[in-house]
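A structural walkthrough
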Amino acid sequence: MNTQKPLTNAETAAFFSQMAMLYKAGIAPAECVNILMEDAPTESGRALLQKIYDVVSEGSSLHEAVAAAGVFPKYAVKTLELGEESGNLDICLDSLGDYYEKQDSI
């Protein structure tokens, strides 16, 4: 059972924006998550990123790992899935970062 509460729009935006930046630099998704985990400012942030890293490093897709974390909106998970299937993960990560940044400012 997931005891973590859903991420805020700001937290979701930050995750996807940082993932987009690293991924566009040619870093594999699992390594992107690992880098974010090492730089996470809080223990709860590191624990969440560790969950995602554990799933994606076992060979699962990024959207499966994000879904397994249980704190991301369904819209984000589905958009990631479409991005992975279409080969446009970089665009989807950017779009999700922008979308949740806008949602946070509303």
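Every chain is numbered on its own, with residues counted from 1 as its sequence reads. Local features in a predicted model are, by the rule used here, given only for residues with pLDDT of at least 70; side-chain atom pairs are given and counted only at 80 or more, and totals for whole chains, interfaces and linings are based on all residues. The side-chain quantities take in all heavy atoms of the structure and omit both hydrogens and water.

Looking at the pattern of salt bridges
For the record, the criterion: Whenever a carboxyl oxygen of Asp or Glu lies within 4 Å of a side-chain nitrogen of Lys or Arg, that contact is scored as a salt bridge. Helix and strand definitions here come from DSSP, where helices need a minimum of 4 consecutive H or I residues and strands a minimum of 2 consecutive E residues; each element is numbered from the N-terminal end. Buried, partly exposed and exposed residues are distinguished by accessible area as a fraction of the type maximum, computed with a 1.4 Å probe on protein chains only: under 20%, between the cut-offs, and over 50%, respectively.
For the coordinates displayed, the defined rule picks out three salt bridges. Put simply, Glu43 and Arg46 hold a salt bridge, and the shortest N to O gap is 3.1 Å. Within this pair, Glu43 and its partner Arg46 are both found in helix H3 (residues 43-57), separated by three residues, close to a single helical turn. Take Arg46: its relative accessible area is 29%, and that puts it in the partly exposed class. Lys78 serves as the salt-bridge partner of Glu81, at 3.2 Å between the closest nitrogen and oxygen. Taken together, the residues span about one helical turn, with Glu81 and Lys78 both in helix H5 (residues 74-86) at a distance of three residues.

As for the side chain of Thr12
Inclusion rule: Pairs of N or O atoms within 3.5 Å make up the polar contacts considered here, provided that, within protein, one atom can donate a hydrogen while the other can accept it, and that residues adjacent in sequence are counted only when both atoms are side-chain atoms. Between two residues, a contact is recorded if the distance between any of their heavy atoms is within 4.5 Å.
By the element assignment, Thr12 lies in helix H1 (residues 9-24). Separated by 2.9 Å, the side chain of Thr12 and the backbone oxygen of Thr8 make a polar contact. For Thr12, the contacting residues outside a window of four places in its chain are Leu7, Phe72, Pro73 and Tyr100.

Considerations on the state of the cysteines
The line we're drawing: Whenever a pair of cysteine sulfur atoms sits within 2.5 Å, that pair is classed as a disulfide.
If you walk through the whole model with that rule in mind, you get zero disulfides. Between Cys92, a free cysteine, and Cys32, which holds the nearest cysteine sulfur, the sulfur-to-sulfur gap is 15 Å.

Thoughts on H1
The following threshold applies: Expected span, for any helix, means 1.5 Å times one less than how many residues it has.
Here H1 is 16 residues long and its end C-alpha atoms lie 22 Å apart, about the 22 Å a rise of 1.5 Å per residue gives. Following H1 by one or two positions, Gly26 adopts a phi angle in the positive range, close to 90°.

With respect to the packing of H5 against helix H6 (residues 89-105)
Rules: All axes are obtained by fitting lines to C-alpha atoms, using only the stretch in contact for helices, and the reported angles, taken between N-to-C directions, cover 0 to 180 degrees. Roughly parallel here means an angle under 35 degrees, roughly antiparallel means over 145, roughly perpendicular means 65 to 115, and every remaining angle is called oblique. By definition, any crossing whose near helix is turned counterclockwise from its far helix by less than a right angle is left-handed, and any crossing with a clockwise turn is right-handed. Basically, the charged four are Asp, Glu, Lys and Arg, the nonpolar ten are Ala, Val, Leu, Ile, Met, Phe, Trp, Tyr, Cys and Pro, and anything else, Gly included, counts as polar.
Running from N to C, H5 and H6 point in directions that differ by 160°, and their axes come no closer than 8 Å. Here H6 runs roughly antiparallel to H5, going by the angle between their axes. Where H5 crosses over H6, the handedness of that crossing is right-handed. Together, Tyr75, Ala76, Thr79, Leu80, Gly83 and Glu84 of H5 and Leu89, Cys92, Leu93, Leu96, Tyr99 and Tyr100 of H6 make up the contact between the two elements. Here the contact of H5 with H6 is built from residues that sort into nine nonpolar, two polar and one charged.

Section: the nonpolar core
Looking at soluble globular proteins, one finds that nonpolar side chains tend to be buried together. Selection rule: Within this scheme, the nonpolar core is defined by two criteria: the residues are buried Ala, Val, Leu, Ile, Met, Phe, Trp, Tyr or Cys, and they are joined through side-chain atoms within 4.5 Å.
The biggest cluster of nonpolar side chains holds 29 residues, and the ones touching the most others in it are Phe15, Ile52, Leu62 and Phe72. Elements that contribute at least two residues to this core include exactly H1, helix H2 (29-39), H3, helix H4 (62-69), H5 and H6. Among residues more than four places away in sequence, those in contact with Phe15 are Leu36, Leu49, Ile52, Val66 and Phe72.

Notes on the environment of Pro29
Structurally, Pro29 is set in helix H2. For the pair Pro29 and Phe15, spaced 14 residues apart in sequence, the C-alpha to C-alpha distance is 12 Å. In this structure, Pro29 is in contact with Met19, Tyr23 and Leu89, ignoring residues within four places of it in sequence.

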